[in-house]
Amino acid sequence: MLSIIEQIKQGKLWDFHGGIHPAENKALSSKQPIKAAGIPHELVLPLKQHIGSRGDIIVNIGDHVLKGQPLTQGDIAMCVPIHAPSSGTITAIEQRTTAHPSGLTDLCIVIATDNQDTWCQTKQYPDYQDRDPAELIEAIRLAGIAGLGGAGFPTARKLQGGLGNVDILIINAAECEPYITADDRLMQDYADEVIEGVRILRHIIAPKLTLIGIEDNKPEAIKALEACVSEDDNIIIRVIPTKYPSGSSKQLVKLLTGREVPSQARSTSIGVIMQNIGTAFAIKRAIVNGEPLIERVVTLTGEAFKQRGNVFALLGTPIAYLLEKFGYQADKKYPRVIIGGSLMGFTLPHANVPITKITNCILTPKRKELPLHTYEMACIRCSACADVCPSSLLPQQLQWYAKDKDYDKCEEYNLSDCIECGACAYVCPSEIPLVQYYRQAKAEIWERKQDEMSAERARQRFEAKQQRMERDKADRENRFAKAATDRRQNMAASGGDDAVAAAIARVKAKQAAAATTPTIKPAVAAAIAKAKAKQAASTSEANVEPDNSEMAALRKQRKLQAREQKAAKHAELMQQQQADTDQPSAQNTDKKDAVAAAVARAKARKAAQQAPTAIDAEPVTKVNTDAAVDPKKAAVAAAVARAKARKAAQQAPAAIDAEPVAAEPVTKVNTDAAVDPKKAAVAAAVARAKARKAAQQAPTAIDAEPVAAEPAAEVKTDVTVDPKKAAVTAAVARAKARKAAQQAQVSIETQAPVNDATTNAAPAAEVNTDAAVDPKKAAVAAAVARAKARKAAQQAQVSIETQAPVNDATTDAAPAAEVNTDVVIDPKKAAVAAAVARAKARKAAQQANKAQSNIEEE
């Protein structure tokens with residue numbers, strides 16, 4: 001069976017799964033030779049243009065640098081430096097937008113060029129064949145060379161990993177992506193330098209076989225390479241069919257060797273190492289010419305460019321400079337600038353983005369040239385993406401898991417093997433941007449792994465610290481133990497005691513003594529003694545009851561305090577109730593008030609019919625101003641007047657109004673809710689009965705309404721009256737009045753309510769209650785009482801005039817009538833009674849006026 005190398009030499013080719021055949025569009029930029037792009041006025045150099053860590057900055061702002069001078073440095077294999085592409089002054093070291101799909105910023109060195117393009121001192125290796133491979137690998141690393149095919153993997157690190165492990169060297173010249181022709185023109189214009197770079201790589205790696213894989217759509221490049229290769233070079237140019245993505249590393253290895261790179265592994269694991277055609281050219285320039293990687297070939301293509309082709313662009317050149325110099329005319333509706341090809345490229349957020357080591361193409365398509373994917377639709381599970389995937393993955397499942405952020409499933413379905421070629425998105429009928437989902441998921445997985453690595457490093461540091469602390473502790477204990485042993489030996493040799501041991505013994509002795517005889521403070525000892533004495537006394541007098549006098553005193557004091565608090569609360573409650581009585585009470589309905597008034601009047605009439613019979617039996621003497629007057633009637637009249645005045649002074653809840661309101665109808669009487677209507681009605685009936693009785697007994701008595709502004713009635717007596725008889729008569733009258741009141745109360749309790757709205761002729765008496773009375777109601781009741789009293793006086797006067805002739809009697813129209821009698825009455829007592837009556841009437845009138853003014857204000 002032939003070996004792989006023999007099969008390759010015989011021209012055998014293999015194939016890989018999937019792949020597509022999109023429109024190439026390479027003729028737009030492959031017709032013209034490579035030109036120099038020129039030196040822009042500003043260069044922006046990102047510190048990280050490769051896979052790995054960035055180097056340390058070794059320049060400062062304001063420094064003048066020369067062309068080819070290193071700006072960063074690093075001592076590890078995955079760190080490659082960057083160099084000044086041209087001479088100039090460093091103006092800034094700041095964050096700038098870089099050529100990355102995320103559109104994020106990164107730390108950059110900004111150089112203002114001086115257009116002198118002055119080179120620094122360089123080191124060449126023209127005799128590289130006599131040099132050690134390790135020396136050449138270090139020179140390649142210091143030149144800052146990384147893979148120019150798009151991945152950006154440090155070339156020196158890849159070569160170092162392949163030393164002694166590979167037998168096949170593959171130079172990737174396929175350049176399968178549409179629109180890109182940088183490698184094609186480089187092979188056409190600089191084929192000799194490319195082959196020289198391949199020879200340097202062969203010298204470093206020493207493979208058994210070297211292959212240059214190139215697609216069959218580049219016939220001019222194939223001829224140029226064949227012209228530069230000799231039989232001694234042991235280089236085979238293998239032409240492969242045009243198929244995307246045949247330029248990918250794993251797919252090209254499968255095409256040329258039939259070997260398949262394992263998952264998450266590199267081609268060196270199967271004895272194959274691959275380098276790009278542009279990388280071979282950069283190695284030649286670095287080793288033979290001593291030029292670091294400061295420029296690269298960039299394809300300018302797309303219908304929006306007037307001058308299409310390939311240019312040598314300095315690293316750090318702003319894309320806006322190239323667009324302006326080569327006649328970029330943006331699409332009016334959808335202007336787009338894409339870095340890379342139409343399948344693997346990404347759109348820039350703006351044109352102020354610099355050229356980097358992995359930038360191989362700038363594509364500016366028109367809207368009709370490269371349609372926009374405006375929106376994505378639901379997956380129809382057509383499996384077209386799986387059919388064209390060159391890595392034999394399941395793009396549909398990966399997209400679902402990436403969208404759901406199920407990154408464990410993404411790793412389970414080998415998302416890391418995705419080469420992001422874009423073939424799945426190209427054939428998707430639902431226009432789903434699958435590659436974008438994969439890129440985002442890869443970034444999230446990478447961050448998770450970085451966090452896990454950081455946590456693992458922290459754990460290792462913590463464990464190392466713990467071990468170090470334990471070692472220090474053990475060393476310290478051993479050191480102390482050794483010092484103690486040496487000290488004891490020295491003490492024993494000198495014949496003395498160990499001072500430390502003696503001190504420890506003394507301390508232990510003191511502690512033991514303290515434990516056996518604990519010291520007690522004097523205050524504590526006294527308290528303990530008192531407690532023991534009390535306990536002994538209580539045990540000796542077991543039958544005696546304990547002295548609870550202190551507790552009893554405290555309990556008594558608490559009871560007194562409780563009583564005082566209760567009395568204070570009661571007084572506060574009484575004050576609140578008294579304050580509430582001063583406020584207007586709630587009004588009842590008109591119907592209930594009318595019923596109560598009618599019931600009171602009916603009960604009063606009944607009491608009046610029962611009461612006057614005993615009083616009417618007494619003789620009534622005619623009134624004569626010059627003749628003798630019946631002393632009984634005069635005494636009764638005086639007693640009635642005094643009783644009414646005293647009652648008005650004691651009860652008077654409302655004042656007597658000065659104006660007559662007899663004609664005013666009483667429609668509503670407001671009573672406080674706290675007053676019992678039944679008791680109020682009884683009191684009113686009793687008062688009216690007493691007033692009617694007084695009117696019948698003393699028709700010539702003084703009117704019940706004394707007015708403060710008018711002169712009081714004068715009583716003139718010429719007849720001697722027996723005081724003893726007058727007192728007896730007054731007592732009889734009072735007894736009869738009490739009896740009439742009791743009878744009226746009995747009749748009121750037995751009689752049903754009567755709805756009578758007519759006004760009674762008897763004078764209304766005041767209701768004396770302990771509860772609060774409405775001032776408005778009191779004023780109305782007083783006015784009704786005055787009207788009724790005035791009417792009763794008029795009726796009594798008429799009855800007197802009809803019963804007997806009056807010789808010289810004149811009735812004054814004023815309320816205060818003068819009574820001339822011949823009866824002898826104690827003048828001093830009569831004057832005192834009259835003065836007291838006037839004072840009480842005046843006080844009642846003032847209170848009534850005040851109450852009425854309050855009602856009007858409300």
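Residues numbered from 1 in each chain as written. Predicted model: local features only at pLDDT ≥ 70, side-chain atom pairs only at ≥ 80, totals over all residues. Heavy atoms only, no water.

## Points about the overall build of the protein chain
To keep it simple, the criterion reads: Numbering goes from the N terminus for both helices and strands, where a helix is a DSSP run of H or I of at least four residues and a strand is a run of E of at least two. Relative accessible area decides the class of each residue, using a 1.4 Å probe on protein chains only: under 20% of the type maximum gives buried, over 50% gives exposed, and in between gives partly exposed. Note on contacts: a residue pair qualifies if any of its non-hydrogen atoms lie within 4.5 Å across the two residues. Surface exposure here means Shrake-Rupley accessible area, sampled with a 1.4 Å probe, where a residue is shielded only by the protein chains that are shown.
Regarding its fold elements, the protein chain presents 24 helices and 18 strands. Across the 858 residues in the protein chain, those meeting the buried criterion constitute 40%. Restricting to contacts in the protein chain with at least 6 residues of sequence separation, those with at least 24 account for 78%. Of the roughly 47100 Å² of accessible surface on the protein chain, 53% is carried by carbon and sulfur atoms.

## So, the sheet that holds strand β7 (residues 105-113)
Just so we agree on the cut-off: At least two bridges found by DSSP between two strands is the condition for calling them paired.
Taken in spatial order, the 4 strands of this open sheet run β2-β7-β6-β4, and their pairing is antiparallel. In this open sheet, the two strands that pair with only one neighbour each are β2 (42-46) and β4 (64-65). One ladder, built from 9 bridges, connects strand β6 (residues 88-97) with β7; its direction is antiparallel. Along β7, the bridge assignment pairs isoleucine 90 with isoleucine 111.

## What about the confidence of the model for the protein chain?
Inclusion rule: A residue's pLDDT is simply how confident the predictor is in it, with values from 0 to 100.
Put simply, the protein chain has an average pLDDT of 77, and 69% of its residues get 70 or more. Ignoring residues within four places in sequence, the model shows residues 611-629, a span with pLDDT below 50, making 44 contacts including any to other chains. Note that pLDDT drops below 50 for residues 652-675; the model gives that stretch 62 contacts with residues more than four away or on any other chain.

## Notes on the sheet that holds strand β16 (residues 361-363)
Pairing within the open sheet is mixed, and its 6 strands lie in the order β1-β13-β12-β16-β14-β15. Lying at the two open borders of the sheet, with one neighbouring strand each, are β1 (35-36) and β15 (346-347). Both strand β12 (residues 295-301) and β16 contribute to a ladder of 3 bridges, which runs parallel. Residue leucine 300 lies in a different strand from β16, and its bridge partner there is isoleucine 362.

## What about the pattern of salt bridges?
The line we're drawing: Salt bridges are identified by distance alone: a Lys or Arg side-chain nitrogen within 4 Å of an Asp or Glu carboxyl oxygen.
This structure, assessed with the given rule, holds 25 salt bridges. A salt bridge links arginine 185 to aspartate 189, with the nearest nitrogen and oxygen atoms 2.7 Å apart. Of the two residues, arginine 185 and aspartate 189 both sit in helix α4 (residues 182-189), 4 residues apart, roughly one turn of that helix. With its nearest N and O atoms 3.5 Å apart, the salt bridge here joins lysine 409 to glutamate 412. Separated by 3 residues within a single helix, lysine 409 and glutamate 412 lie in helix α12 (residues 407-412), roughly one turn from each other. We classify lysine 409 as partly exposed; its relative accessible area is 29%. Among the ionic contacts, a cluster of salt bridges with common partners joins Glu193, Lys284, Arg285, Glu291 and Glu295.

## Description of the packing of aromatic side chains
The condition that has to hold: Centres within 6.5 Å make a pair out of two Phe, Tyr or Trp rings, where for Trp the six-membered ring is used; the pair is then stacked when the planes are under 30 degrees apart, edge-to-face when over 60, and tilted otherwise. Whether a charge lies above a ring is judged from NZ of Lys or CZ of Arg, which has to be within 6 Å of the ring centre and within 35 degrees of the ring normal.
With the rule as written, the count across this model stands at 5 aromatic pairs. Summarising the aromatic geometry, the rings of tyrosine 190 and phenylalanine 281 are spaced 5.6 Å apart at their centres and angled 55° between planes, so their arrangement reads as tilted. Taken together, the residues tyrosine 190 in the loop between α4 and α5 (191-205) and phenylalanine 281 in helix α8 (residues 277-289) connect sequence positions 91 residues apart. Residue tyrosine 190 is classed as partly exposed on the basis of its relative accessible area, which comes to 22%. Given a relative accessible area of 8%, phenylalanine 281 falls into the buried group. These aromatic residues form a ring-pair network of at least three members: Tyr190, Phe281 and Phe312. The cationic tip of arginine 479 hangs over the ring face of phenylalanine 480; the distance from NZ or CZ to the ring centre is 5.9 Å.

## Brief notes about the packing of α5 against α8
Under the convention used in this document: Only C-alpha atoms enter the line fits that serve as axes; for helices the fit covers just the stretch in contact. Angles between N-to-C directions range over 0 to 180 degrees. An angle below 35 degrees is read as roughly parallel, one above 145 as roughly antiparallel, one from 65 to 115 as roughly perpendicular, and any other as oblique. Following the grouping adopted for this structure description, the nonpolar residues are Ala, Val, Leu, Ile, Met, Phe, Trp, Tyr, Cys and Pro, the charged ones are Asp, Glu, Lys and Arg, and the polar ones are all others, Gly among them.
The N-to-C vectors of α5 and α8 enclose an angle of 80°; their axes lie 7 Å apart at closest approach. What the angle tells us is that α5 and α8 run roughly perpendicular. Of the residues in α8, those touching α5 at Glu193, Val194, Glu196, Gly197, Val198, Ile200 and Leu201 are Ile277, Ala280, Phe281, Ile283, Lys284, Arg285, Ile287 and Val288. Classifying every residue of the contact of α5 with α8 by side-chain character gives 10 nonpolar, 1 polar and 4 charged.

## So, the pairing of strand β9 (residues 209-215)
Worth spelling out the cut-off: By convention a crossover is right-handed if, when the strands point away from the viewer, the path from the first strand over the helix to the second runs clockwise.
For β9, a buried count of 7 out of 7 residues is recorded, marking the element as mostly surrounded by other parts of the structure. Neither face of β9 is left uncovered, since the one carrying Leu209, Leu211, Gly213 and Glu215 and the one carrying Thr210, Ile212 and Ile214 both have all their residues buried. The pairing of strand β8 (residues 168-172) with β9 spans 5 bridges and is parallel. Bridge pairing links isoleucine 168 to leucine 209 in β9. With 6 bridges joining them, β9 and strand β10 (residues 235-240) adopt parallel strand pairing. Residue pairing across strands places leucine 211 opposite isoleucine 236, the latter belonging to β10. A crossover links β9 with its parallel partner β10, the connecting element being helix α6 (residues 219-228), and its sense is right-handed.

## Quick notes on the nonpolar core
Here is the rule we go by: By convention a nonpolar core is built from buried Ala, Val, Leu, Ile, Met, Phe, Trp, Tyr and Cys residues, the set being connected through side-chain atoms within 4.5 Å.
Core analysis: the largest hydrophobic core is formed by 79 residues, its most contacted members being Leu71, Ile111, Leu225, Ile287, Ile319 and Ile362. Among the elements that take part in this core, α5 stands out by supplying 8 residues, more than any other. Once you skip the residues sitting within four places of it in the chain, isoleucine 319 turns out to touch Val337, Ile339, Leu348, Ala351, Val353, Ile355 and Ile362.

## Quick notes on the environment of glutamate 193
When you line up the elements, glutamate 193 lands in helix α5. Along the chain, glutamate 193 and isoleucine 283 lie 90 residues apart, while their C-alpha atoms are 9.5 Å from each other. Those residues in contact with glutamate 193 that lie beyond four places of it in its chain are Phe281, Lys284 and Arg285.

## Considering the pairing of β2
Counted residue by residue, β2 has 4 buried out of 5 residues, so it is predominantly covered. Where β2 and β7 come together, 5 bridges link them in antiparallel fashion. Bridge pairing links leucine 45 to isoleucine 109 in β7.

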